[in-house]
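Overview (structure and organization)
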Amino acid sequence: EPEVTQTPSHQVTQMGQEVILRCVPISNHLYFYWYRQILGQKVEFLVSFYNNEISEKSEIFDDQFSVERPDGSNFTLKIRSTKLEDSAMYFCASSEVTSGRGTQYFGPGTRLTVL
Amino acid sequence: AQTVTQSQPEMSVQEAETVTLSCTYDTSESDYYLFWYKQPPSRQMILVIRQEAYKQQNATENRFSVNFQKAAKSFSLKISDSQLGDAAMYFCAYRSAWTSGSRLTFGEGTQLTVNP
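Note that this is a predicted model, so its numbers are computed, not measured.

On to the state of the cysteines. Residue and element names in this part refer to chain A. The full count for this structure, using the stated rule, is 2 disulfides over all chains. Each sulfur of the disulfide joining Cys-23 and Cys-92 lies 1.9 Å from the other. Handedness of the Cys-23-Cys-92 disulfide follows from its S-S torsion of about -60 degrees: it is left-handed. Residue Cys-23 is found in strand S3 (residues 19–24), and its partner Cys-92 is found in strand S9 (residues 88–95); the two are separated by 69 residues along the sequence. By the burial criterion, Cys-23 is buried, and Cys-92 matches it.

Put into structure tokens, the structure is as follows:
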């Protein structure tokens, strides 16, 4: 069964450093998402992406975040200058169609630790 | 903006018994989708079940079923014949049917413990 994959599974970085989190969505999916979950808290939406541009972003997704689909398979989330509060689990998700009919399937997550 | 509320931070159930997890939501939209996701200790988010708001019939997936009350904006998950592998955090989530690239809005989660 196709699944969303994410690398790395765990990333440790120093405050102020740039990190890139990678995702490979399910191959026939067209809509891509990033969510984050700070330990012990609910899952929060960051951004959605379709047709090589951002569809929607939350207030969390400020100028230090960016997303890109550099090739036909990868979908990346870049954090330019990490802060301690960026420590969280980051989930990538993809769906085949939008308008609610497409169920979002999640990857296993990348645990980001900012020291 | 839509909100999702799970009022039970923790629940426990005996193996083979039935448990119901509660979820309420607030929206002004008439067409939307509701989901339950399971998050085991590995922290992977696994889809359990989904419900379309335009359908009156409650969704079922094997031992998992929902009680969808649209007027009350309630969406509870029933787990029958609970198994040890059901132990996890369960999140209720809402998604608009109309917004392009629409986000999932999650509740706070309910931690389910299954006792042998």
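There's plenty left to go through after this.
Moving on to the pattern of salt bridges. All told, the structure shown has 6 salt bridges over all chains when counted by the stated rule. Note that Arg-36 of chain A and Glu-44 of chain A form a salt bridge whose closest N and O atoms lie 3.3 Å from each other. Classification of Arg-36 of chain A by relative accessible area gives buried; the value is 11%. The residue Lys-73 of chain B makes a salt bridge to Asp-26 of chain B at a minimum N-O spacing of 3.7 Å. Of this pair, Lys-73 of chain B sits in the loop between strand S8 (64–69) and strand S9 (74–79) while Asp-26 of chain B sits in strand S4 (residues 24–26), placing them 47 residues apart in sequence. Looking at Lys-73 of chain B, the relative accessible area reads 26%, which means it is partly exposed.

Chain A puts 29 residues into the contact, and the matching count from chain B is 24 residues. Here chain A and chain B share an interface that buries about 2200 Å² over both sides, 46% of which is from carbon and sulfur atoms. On the surface where chain A and chain B come into contact, there are 1 salt bridge. For Glu-56 of chain A, the salt bridge goes to Arg-103 of chain B, with nearest N and O atoms at 2.9 Å. Where chain A touches chain B, the interface holds 9 residue pairs in polar contact (both at pLDDT 80 or more). Broken down by secondary-structure element, the contributors of at least two residues to the side of chain A that touches chain B are strand S4 (31–37), strand S5 (44–50), strand S6 (53–57), S9 and strand S10 (105–106) of chain A. Taken together, the residues of the side of chain A that touches chain B sort by class into 11 nonpolar, 13 polar and 5 charged.

How each quantity is defined
- Residues numbered from 1 in each chain as written.
- Chains lettered and ligands numbered in written order.
- Predicted model: local features only at pLDDT ≥ 70, side-chain atom pairs only at ≥ 80, totals over all residues.
- Heavy atoms only, no water.
- Disulfide = S-S within 2.5 Å.
- Helix = DSSP H or I, 4+ residues; strand = E, 2+ residues; numbered from the N terminus.
- Buried < 20%, exposed > 50% of the residue type's maximum accessible area, 1.4 Å probe, protein only.
- Salt bridge = Lys/Arg side-chain N within 4 Å of Asp/Glu carboxyl O.
- Contact = heavy atoms within 4.5 Å.
- Buried area = accessible area lost by both parts, 1.4 Å probe.
- Polar contact = N/O pair within 3.5 Å; in protein donor to acceptor, adjacent residues only side chain to side chain.
- Nonpolar A, V, L, I, M, F, W, Y, C, P; charged D, E, K, R; others polar.

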